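# Analysis of the macromolecular model
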Amino acid sequence: MPEFSSSRERRLWVWALAVVVAIYSTADLARTLADALRESGLLEFTSQMFTAGMFLVGAMILVQGLRERSRGVEVGFALGVTAIAIIGFARGISAGERSHLIEYTVLALIVHEALLERRNQGRRVPIPAVLAIVGTTLAGVVDECIQFFLPSRTFDWFDILGDLVASVVAVGSSTSLRWVRRWIGKLRT
């Protein structure tokens, strides 16, 4: 039996691996980059970059949750869920923690989609949403363990909690959108 259930699943796992590699490889660069941005006066633009990043994450949630042609009420629900996720993420979060939200939201969505693809191809995948959240949070734990050994970084339980929250909101939003689509579809038939 092949390792992947489809070429799409393989591509999704490659993307997930690329995200994890990017997260881990920049662990030591984050502080250096922040210092360079601060010295050059560009740190003020990080808020705009975060906003752009969150809108891209919102678009990712929308696309993942509404893969097929959508109707008005579904689009309205999707926009509402996405807006709540973006606002919830942005509220009261320090600039340093914002990157975690984007990184682990994207990772959770990709992992969830890969697990759903695997299940849709007939493979046994119990509770893909929970597996995606657990896997993403474990990636966050490994990230913090890497940071423990870096002189410019520290291990932080709150970062792990933030990674967990990001994955729950991302997967929960996408799953909610899918559920509403199925529910509305059943009402119309």
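Residues numbered from 1 in each chain as written. Predicted model: local features only at pLDDT ≥ 70, side-chain atom pairs only at ≥ 80, totals over all residues. Heavy atoms only, no water.

Here we come to the overall build of the protein. Across its full length, the protein holds seven helices and zero strands. When its helices and strands are written in sequence order, the protein yields α-α-α-α-α-α-α. For the protein, the proportion of its 189 residues judged to be buried stands at 39%. When contacts within the protein are restricted to residue pairs at least 6 apart in sequence, long-range pairs at least 24 apart make up 78% of them. Of the accessible surface of the protein, which amounts to about 11000 Å², a share of 69% is contributed by carbon and sulfur atoms. (Helix = DSSP H or I, 4+ residues; strand = E, 2+ residues; numbered from the N terminus. Buried < 20%, exposed > 50% of the residue type's maximum accessible area, 1.4 Å probe, protein only. Contact = heavy atoms within 4.5 Å. Areas by Shrake-Rupley, 256 points an atom, 1.4 Å probe, with all protein chains shown as cover.)

Turning to the nonpolar core, a few remarks are in order. Most often, soluble globular proteins have nonpolar side chains that are buried together. Formed by 23 residues in total, the largest nonpolar core has its most connected members in Val19, Tyr104, Leu107, Ile110, Val111 and Val171. Sorting the residues of this core by element identifies α1 (7-25), α5 (95-120), α6 (128-148) and α7 (157-188) as the ones contributing at least two each. It is α5 that contributes the most residues to this core, ten residues altogether. (Core = buried A, V, L, I, M, F, W, Y, C linked by side-chain atoms within 4.5 Å.)

Together, Phe158, Leu161, Leu164, Val165 and Val168 make up an exposed nonpolar region whose accessible area comes to about 450 Å². On the secondary structure map, Val165 appears in helix α7. We classify Val165 as partly exposed; its relative accessible area is 41%. (Patch = residues over 30% accessible without salt bridge, like charges linked within 9 Å, V, L, I, M, F, W, Y side chains within 5 Å. Salt bridge = Lys/Arg side-chain N within 4 Å of Asp/Glu carboxyl O.)

Right, let's get into the pattern of salt bridges. Oppositely charged side chains can form a pair if their charged atoms are brought close together. Within this structure, the stated rule accounts for three salt bridges. Arg8 serves as the salt-bridge partner of Glu113, at 2.8 Å between the closest nitrogen and oxygen. Note that Glu113 is positioned in helix α5 and Arg8 in helix α1, a separation of 105 residues in sequence. Arg8 is paired through a salt bridge with Glu117; the nearest N and O atoms lie 3.0 Å apart. In this pair, Arg8 is assigned in helix α1 and Glu117 in helix α5, connecting sequence segments 109 residues apart. The exposure class assigned to Arg8 is partly exposed, which follows from its relative accessible area of 26%. Put simply, Arg8, Glu113 and Glu117 are held in one network by salt bridges that share partners.

For the protein, the average pLDDT comes to 77, and 61% of its residues sit at 70 or higher. No element of the protein has a lower mean pLDDT than helix α4 (residues 72-90), which averages 55, and none a higher one than α6, which averages 94. (pLDDT = per-residue confidence, 0-100.)

Turning to the packing of aromatic side chains, a few remarks are in order. For the structure shown, the criterion picks out two aromatic pairs. With 5.1 Å between their ring centres and 90 degrees between their planes, Phe148 and Phe149 make a pair best called edge-to-face. With respect to burial, Phe148 and Phe149 carry one shared label: exposed. Ring geometry for Phe155 versus Trp157: centroids 5.0 Å apart, planes at 80 degrees, classification edge-to-face. Looking at Phe155, the relative accessible area reads 27%, which means it is partly exposed. Under the relative-accessibility criterion, Trp157 is labelled exposed at 62%. (Phe/Tyr/Trp six-rings, centres within 6.5 Å; stacked < 30°, edge-to-face > 60°.)

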